[in-house]
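If you want the building blocks of each chain, they are given just below.
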Amino acid sequence: PVYGAIILNTNLDKVLCVMNYECTSYSFPKGKVNQNEEAIDCAVREVWEEIGFNISKYISENDYIDFKKSDSQFKRMYIAFGVDENTSFKTNTRKEIGKIEF
């Protein structure tokens with residue numbers, strides 16, 4: 001499974017996206033769960049790795065959207081409300097993220 005976050009700004013009218021390193025597609029910050037890792041902990045860790053921001057105080061275990069197509073992997077995206085657009089984001093990965101922007 002894959003876990004991550006849909007991060008909304010303080011006005012709730014913009015969403016944060018990450019662009020892959022090749023700059024060919026946008027997505028929400030997310031990643032694969034580690035063995036014995038709780039879903040919400042995975043989302044917090046993956047967002048930290050991809051954008052350098054701790055979402056733990058912005059999310060709840062009850063606010064998420066699950067995605068599952070018959071031919072693809074299960075994804076759960078937690079909703080992070082009210083993140084300031086002026087926050088400085090910086091990836092903690094190498095050759096994974098090309099851009100981070102609302």
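Before going into details, it helps to say that this report is about the structure given with it. (Residues numbered from 1 in each chain as written. Predicted model: local features only at pLDDT ≥ 70, side-chain atom pairs only at ≥ 80, totals over all residues. Heavy atoms only, no water.)

Moving on: the sheet that holds strand 5 (residues 64–67). Taken in spatial order, the 4 strands line up as 4-1-6-5 in an open sheet, and their pairing is mixed. With one partner strand each, in any of the chains shown, strand 4 (30–32) and strand 5 form the two edges of the open sheet. In this sheet, neighbouring strand axes are inclined to one another by 20° on average, regardless of whether the strands run parallel or antiparallel. Here 4 bridges tie strand 5 to strand 6 (residues 75–83), and the two strands are oriented antiparallel to one another. By the bridge assignment for strand 6, Y64 is matched with Y78. Across the sheet, helix 1 (residues 39–51) touches strand 1 (2–9), strand 4 and strand 6, and the angle it forms with strand 1 is around 65°. (Pairing = 2+ DSSP bridges. Helix = DSSP H or I, 4+ residues; strand = E, 2+ residues; numbered from the N terminus. Axes fitted to C-alpha atoms, helices over the stretch in contact; angles between N-to-C directions. Contact = heavy atoms within 4.5 Å.)

Looking now at the pairing of strand 6. Each regular strand carries side chains that alternate between the two faces of the sheet. Taken together, the 7 bridges between strand 1 and strand 6 define a ladder with parallel strand orientation. Looking across to strand 6, one finds that A5 is bridged to Y78.

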